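Architecture at a glance
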Amino acid sequence: MAVAAASVATPVARAGEPADDAVGARAIARAGAVVVAVDDPTALAVNPAGLARRSAIRATVDLGLRDLDIHYAPAADDAAAVDTRGPPRAAPSAGVAFGVGDGLVAAIAYVETADYDATTDEPVDALYAAAGGADVIATRYPHRYAGTALAAERRGLFAGAAIRATSWLAVGAAAEVARSRVRERKTVWAGFAGVFPPGTPARDLALSAEAAAWTWSVAAGAVAVPDAVPIEAAVAVRYTATGRLDGSAVVRSPQPSPEPRVIAGDSAAHIDLASTATGTAGLRWIGDRASIEVDAGVRRPLSADPPAWSFDLQVQDQAATAPVAFTGASSALSARTVWSARTAVDVALVDDFLWLRAGYGFRTGAAVPDRIAPTYADLASHTVSAGAEAYWRDMSLSVGFARSMSSSRAVTSARVADNPVGGGTFAVGSGRYDRTVDVFAIAVEVAWDDAPADDLFVPPGAD
């Protein structure tokens, strides 16, 4: 019986969305190094050609849990450090693949390729009215102007196919339709720099916005396995189109005083996220009881413009002045070209029953360095991982754990506080950041018939 060697791993960041290194238990256990070895239905999300490795009817269900921790120490000596910890997020995927004759294998899969939730403490309204509350807000919540919450998700349905072009070459293609959504909260400063000290809490307004849209992507790939050498090679490319997400925005005053005043507190809103192009290539050495894969990849946003919110709100500095149109605000998201290198080893501990695997990966930061924020400090990271996979008849059970760690980085921020009344602004987000992400996943795969003896690229040690 042919068995799976690896699962999906693809950088999650698409079109400015936050990034993870891998999706799926097998990929997590291998630090994302699977562009050569991937063969289950979710190959559609990383290298569709991998589907041609097996023609048996098979279904995969995968569930991952992701825990993010960002630590921010503000540059100001009197400001308290901030920890960003959203709730653990589940990232499920599921798919079915099946042979349709003449070396052609088709598949459909549901994959959540972005599921990000970062939340920091933010001041409650009662604190603005409390005696000494302004000092507490300034000291404990210096991050509020850069953002207090950011959530992003991309839930996609993939369909595609792969064909064995020759005895040693498979090619494939896939398309995705996805629902992308972004939500943010932050504080804006409605004051005049010559009248109020910059950042005076008495001029704070609370802003929240969300937007969503149907988006799409297309991908193609190839896997080559020459008969003469124990080396496999693969390449995959993807284009992800995103563009404009539409939704709504709300601004309100937490102040006990009537100034600053919100005149029009809600409106339609949108945010533009850049489309991206991704390329990945890899080599895998195959031994009798082990394999080693090395991958490299690049993801490039196709626009240099930072994402920003647009809306149609109105605020008033004081009763004696005319209302001012509040038409936009910056986003905590940012995107730049990301490079990655990953490697993984699989070892057969018990033939035809138990495999152990481990991996290492390095990825450059996805966030623009001088626009890093407490809710989106996506720094360069090192990932270490481990996992196991057990087989019994036509079933396999996989588990994987990975930790991504970023070195502490000092940031001089170019990000500024949004000011709806145009009274001047100031830099926010300067300080020192570090970040860790822990991911655990479990997957089950079931096959309904034995794969033919001529199936391509059977893993080492498999029957």
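These remarks concern the structure in this document. (Residues numbered from 1 in each chain as written. Predicted model: local features only at pLDDT ≥ 70, side-chain atom pairs only at ≥ 80, totals over all residues. Heavy atoms only, no water.)

A few words now on the packing of aromatic side chains. Under the defined criterion, the tally for this structure stands at 6 aromatic pairs. Taking the centre distance of 5.6 Å and the plane angle of 75° together, the rings of Trp189 and Phe426 count as edge-to-face. Taken together, the positions of Trp189 in strand E6 (residues 169-189) and Phe426 in the loop between strand E20 (409-411) and strand E21 (431-447) put the pair 237 residues apart, joining distant regions of the chain. This pair shows no difference in class: Trp189 is buried, exactly as Phe426 is. Every member of this aromatic cluster is reached through a ring pair, and the members are Tyr145, Trp189 and Phe426. (Phe/Tyr/Trp six-rings, centres within 6.5 Å; stacked < 30°, edge-to-face > 60°. Helix = DSSP H or I, 4+ residues; strand = E, 2+ residues; numbered from the N terminus. Buried < 20%, exposed > 50% of the residue type's maximum accessible area, 1.4 Å probe, protein only.)

Roughly 350 Å³ of volume is contained in the largest pocket. Considering the residues around the largest pocket, the lining is formed by 18 residues, among which Ala76, Ala79, Ala138, Pro142 and Arg144 are closest to the centre. Elements with a minimum of two residues in the lining of the largest pocket: strand E1 (58-74) and helix H3 (133-140). Split by residue class, the lining of the largest pocket holds 12 nonpolar, 4 polar and 2 charged. Roughly 220 Å³ of internal volume is contained in the second largest pocket. (1 Å grid on protein atoms, 1.4 Å probe; cavity = no way out; pocket = protein on both sides within 12 Å on 5 of 7 lines; lining within 4 Å. Points joined across faces, edges and corners; volume = space filled by probe spheres on them. Nonpolar A, V, L, I, M, F, W, Y, C, P; charged D, E, K, R; others polar.)

Considering all chains together, one arrives at 29 salt bridges under this definition. Glu122 is paired through a salt bridge with Arg185; the nearest N and O atoms lie 2.8 Å apart. One end of the pair, Glu122, is in the loop between strand E4 (104-119) and helix H2 (125-129); the other, Arg185, is in strand E6, and 63 residues separate them in sequence. Using a relative accessible area of 33% as the deciding quantity, one classes Arg185 as partly exposed. With its nearest N and O atoms 2.6 Å apart, the salt bridge here joins Asp351 to Arg289. Of this pair, Asp351 sits in the loop between strand E16 (338-350) and strand E17 (354-363) while Arg289 is found in the loop between strand E12 (276-286) and strand E13 (290-301), placing the two residues 62 residues apart along the sequence. Accessibility expressed as a relative area gives 37% for Arg289, which makes it partly exposed. Residues joined in a network through salt bridges with shared partners are Arg26, Arg30, Asp39, Asp40, Arg54, Glu293, Asp346, Arg357, Glu389 and Glu445. (Salt bridge = Lys/Arg side-chain N within 4 Å of Asp/Glu carboxyl O.)

These figures come from the coordinates and say nothing about function on their own.
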